[in-house]
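Observations on the three-dimensional arrangement
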Amino acid sequence: MTRNEVDKKYKWNLSDMVKSADEFEKLFKDVETALPALASYKGKLGDRAAALEFFKLDGEVERKLELIYIWSHMYKDEDAKNGEAMSLAMRTDGLAARCGETVAFIDSELSALDKATLDAYIADPDFAEYDFSLKEVLRRKAHILSDREEALLAMSSDALRTTTNVAHMLFDADMKFEPVVKGGKKIELNNSSYGELLGDENREVRKSAFNNLYDGYIAHINTLAANYAGSVKGDNFVARARGYKDGLEMSMFGDGVPSSVYTNLIDAVNKNFAPLHRYIALRKKLLGLKEQHMYDLYVPVIENAEMKLPYEEACQTVLTALAPMGDEYVGLLKRAMTEGWIDVMPSAGKRGGAYSWSAYSAHPYVLLNYTPTTEDIFTLAHELGHCLHSYYSQNGQPFSKWNYQIFVAEVASICNETLLDEYLMKNVKDVNIKKYLLSLRLNRFRTTLFRQAMFAEFEYNAHKMDLEGKPLTVDNLSGMYLELNKKYYGADVVSDDKIAYEWSRIPHFYNAFYVYKYSTGMTAATSIAQNILKNPEYVNVYKNKFLKAGGHKLPYDILCDAQVDLATVKPYDDAFAFFNAALDELEELCK
Ligand SMILES: [Zn+2]
């Protein structure tokens, strides 16, 4: 279908954001002409009156820029062949870069102010909208070095990025793999076809995908180990240069989350391998295998039983499933579904996948490529979770504090998925669909909570080994990884020798201490969904303390306000109980 052939009711209405091309040009001009004015404040932020004027002007400009930036990119996402949209998006890219350069002085200039001045700004009611950013400047000040040292670190940053570049060159360009033979045909093996081949029903196909892929990595394994060692050393170097204990502390400080959240995740999972081992044993039984191997872990154990709902029915299902969120929330969902907030159908040239995106000054938007599958009903609930999180934050916070941070970004979306999952499990009659839903839930938990926790533990160990002077050789890294693999997956799967090299193919490891957020996000969301279902009054806590909170506090503190403390065992107990209940039910249904 072309975009013109799609019914209007399935399209978003971008004119709620920017009314016309004329309005776009006007906003563009406003931002452009304000740049010299913004630049004129350089060197003046130590003066109270000038600083206040600057923050106000900067906020107005950023707000307009955000509007035209998001509008032009969403317009382009409707159809990549629309030349007008493409050129508008490119113009706003350029404008955003110029704006960024113009105000690049803010951070260093504010950090250079003495504590007394910053404290006075923070205490000043006129600066109330900006107090969180100012507190952040103060918090980060302790790790800002002298001008000369900062200049040295800035000069080294390009060289330190080399390990990431090398990894991507190897992964995406230089490494070649033996093809996999399927049904007499040779299929090209690469990092993107691997996932599908590993889920193949034919065991020989997935086994050879596994072996051929790892052979490709093993052929470069000394290079990969040396490169990863360089990345770890770079993390620890910058961290210690900036006065942190190690790379973990630096990274968590940047996230606004205590390091204890990270170690607590690892501890909690290490105390709860039993449910994961039970799941692995059940897979083995359902697949009827004498010996289960690592290449058997991605093949579906339950026959695919899709709920093929037309979009309108999917909407109805999501509305009913999210009823525990209260009338106001459901009312907003209905508005999103009927007032042009969502672009529903796939069409030629439209951007693939799904997202939710929003500017402060307009309602949030959702892009979908809806097809009648079970997964897409979950995607609808997921993206609407982001959408309403943004809506509430827009209405609960001023512009300077409305954006929420990555640590909490996936909580509202996964919470909605969990509520949908619980609703479907209670209301679907068809046993095959129930079994399929349970298998999806268990798989999501394995790959998001457990697998990412194992990655987090690997990164933690590797950085620690480096600090303790233990060389990051192939043997040391792979030996440590294999032990982790055995510990996590237990006795009902063979930890094949080649899995020891899995660490070498994870691109996220070049962005250290990132993946833990998948595990903590899922844990927090599961805990919140359980609270909502058990205690209707909790919905108000969640709405007022979390959804409306935007980024007005550190993300860890926001979750604590919503009664989810990820430095304690409680959220993990909730999440593992949810996983265990699904296992009980699937075992029962499969008897
Ligand atoms: Zn998401």
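Here goes a summary of the coordinates provided.

Each value, and the rule that gives it
Residues numbered from 1 in each chain as written. Predicted model: local features only at pLDDT ≥ 70, side-chain atom pairs only at ≥ 80, totals over all residues. Heavy atoms only, no water. Phe/Tyr/Trp six-rings, centres within 6.5 Å; stacked < 30°, edge-to-face > 60°. Helix = DSSP H or I, 4+ residues; strand = E, 2+ residues; numbered from the N terminus. Lys NZ or Arg CZ within 6 Å of the ring centre and 35° of its normal. 1 Å grid on protein atoms, 1.4 Å probe; cavity = no way out; pocket = protein on both sides within 12 Å on 5 of 7 lines; lining within 4 Å. Points joined across faces, edges and corners; volume = space filled by probe spheres on them. Buried < 20%, exposed > 50% of the residue type's maximum accessible area, 1.4 Å probe, protein only. Salt bridge = Lys/Arg side-chain N within 4 Å of Asp/Glu carboxyl O. Contact = heavy atoms within 4.5 Å. Donors = N, O, S within 2.8 Å, 3.2 Å for Na, K, Ca; no water. Tetrahedral: all angles 85-135°; square planar, octahedral: opposite > 155°, others 65-115°. Axes fitted to C-alpha atoms, helices over the stretch in contact; angles between N-to-C directions. Parallel < 35°, antiparallel > 145°, perpendicular 65-115°, else oblique. Left-handed = near helix turned anticlockwise from the far one by under 90°. Nonpolar A, V, L, I, M, F, W, Y, C, P; charged D, E, K, R; others polar. Polar contact = N/O pair within 3.5 Å; in protein donor to acceptor, adjacent residues only side chain to side chain. Pairing = 2+ DSSP bridges.

Here's the deal with the packing of aromatic side chains
Scanning the entire structure with this criterion turns up 45 aromatic pairs. Measuring from centroid to centroid gives 5.6 Å for phenylalanine 445 and phenylalanine 579, while their planes differ by 45°, and the two rings are tilted. Separated by 134 residues along the polypeptide, phenylalanine 445 in helix α20 (residues 431-467) and phenylalanine 579 in helix α25 (residues 570-589) bring together distant segments of the chain. A network of ring pairs unites the aromatic residues Tyr41, Phe54, Phe55, Phe105, Tyr121, Phe127 and Tyr130 as a single cluster. Cation over ring: arginine 444 sits above phenylalanine 378, and NZ or CZ is 5.1 Å from the ring centre. Arginine 446 extends its terminal NZ or CZ atom over the ring of tyrosine 298, reaching a point 4.7 Å from the ring centre.

Concerning the layout of surface pockets
Roughly 1,200 Å³ of internal volume is contained in the second largest pocket. Contributions of two or more residues to the lining of the second largest pocket are made by α2 (48-78), α4 (105-112), α6 (131-141) and α7 (147-160).

Some points on the side chain of serine 504
By the element assignment, serine 504 lies in the loop between α21 (474-489) and α22 (516-534). According to the relative accessible area criterion, serine 504 is buried, its value standing at 3%.

Looking at the pattern of salt bridges
Taken as a whole and judged by the stated rule, the model has 38 salt bridges. Residue arginine 48 is joined to aspartate 124 by a salt bridge in which the shortest nitrogen-to-oxygen separation is 2.6 Å. Of this pair, arginine 48 sits in helix α2 while aspartate 124 is found in the loop between α5 (115-123) and α6, placing the two residues 76 residues apart along the sequence. A relative accessible area of 36% places arginine 48 in the partly exposed class. For aspartate 124, a relative accessible area of 13% puts it in the buried group. With a closest N to O distance of 3.8 Å, aspartate 79 and lysine 81 form a salt bridge.

Here we look at empty space enclosed by the protein
Summed over the entire model, instances satisfying the criterion amount to 1 cavity of 30 Å³ or more. Estimates place the volume of the largest cavity at around 60 Å³. Lining the largest cavity, in full, are Ile414, Glu417, Thr418, Asp421, Arg441, Arg444, Phe445, Met522, Thr526 and Phe578. Those elements giving two or more residues to the lining of the largest cavity turn out to be α19 (411-427), α20 and α22.

Quick look at α4
Among the residues making up α4, those that are buried are Phe105, Ile106, Glu109, Leu110 and Ser111. If you follow the buried residues of α4, they end up packed against α1 (21-39), α2, α3 (83-102), α5 and α6.

Some thoughts on the coordination of the zinc ion
Protein-derived coordination of the zinc ion comes from His382 (NE2), His386 (NE2), Glu410 (OE) and Glu410 (OE), at a distance range of 2.1 to 2.6 Å. In this structure, the zinc ion is coordinated by 4 donor atoms arranged in irregular fashion, with angles at the metal of 52 to 142°. Linear spacing of the donor residues for the zinc ion on their chain is H-x3-H-x23-E. Of the two residues, histidine 382 is situated in helix α17 (residues 374-396) and glutamate 410 in the loop between α18 (406-409) and α19; the sequence distance between them amounts to 28 residues.

A short note on the environment of alanine 96
For alanine 96, the location among the structural elements is in helix α3. Between the alpha carbons of alanine 96 and tyrosine 69 there is a distance of 7.8 Å; along the sequence they are 27 residues apart. Those residues in contact with alanine 96 that lie beyond four places of it in its chain are Leu65 and Tyr69.

A word on the packing of α20 against α22
At a closest axis distance of 7 Å, the pairing of α20 and α22 adopts a crossing angle of 135°. In terms of axis orientation, α20 runs oblique to α22. Where α20 crosses over α22, the handedness of that crossing is left-handed. In contact with Arg444, Phe445, Thr448, Leu449, Gln452, Ala453 and Ala456 of α20, α22 contributes Tyr516, Tyr518, Ser519, Met522, Thr523 and Thr526. In terms of residue class, the contact of α20 with α22 is built from 7 nonpolar, 5 polar and 1 charged.

Quick look at the packing of helix α15 (residues 311-321) against helix α16 (residues 327-338)
Where α15 meets α16, the axes come as close as 10 Å, and the angle between the chain directions of the two elements is 165°. As the angle between them shows, α15 and α16 are arranged roughly antiparallel. Considering how the two elements wind past one another, α15 and α16 form a crossing that is right-handed. Where α15 approaches α16, its residues Cys315, Val318 and Leu319 are matched on the opposing element by Val330, Leu333, Lys334 and Met337. Looking at the contact of α15 with α16 residue by residue, the classes come out as 6 nonpolar, no polar and 1 charged.

A look at the environment of tyrosine 355
In this fold, tyrosine 355 is placed in strand β4 (residues 355-357). Remark: the alpha-carbon pair of tyrosine 355 and leucine 224, spanning 131 residues in sequence, is separated by 34 Å. Look past the residues within four positions of tyrosine 355 in its chain and what remains in contact with it is Trp12, Met74, Asp77, Tyr365, Val366, Leu367 and Glu383. Polar side-chain contacts of tyrosine 355 include one of 2.7 Å to the side chain of aspartate 77.

Description of the sheet that holds strand β5 (residues 365-367)
Pairing is mixed across the open sheet formed by 3 strands, whose spatial order is β3-β5-β4. Both edges of this open sheet fall to β3 (342-343) and β4, since each of them pairs with a single strand only. As judged from the 3 bridges shared by β4 and β5, these two strands associate in the antiparallel manner. Residue serine 356 lies in a different strand from β5, and its bridge partner there is valine 366.

Nothing here speaks to function; it is geometry throughout.
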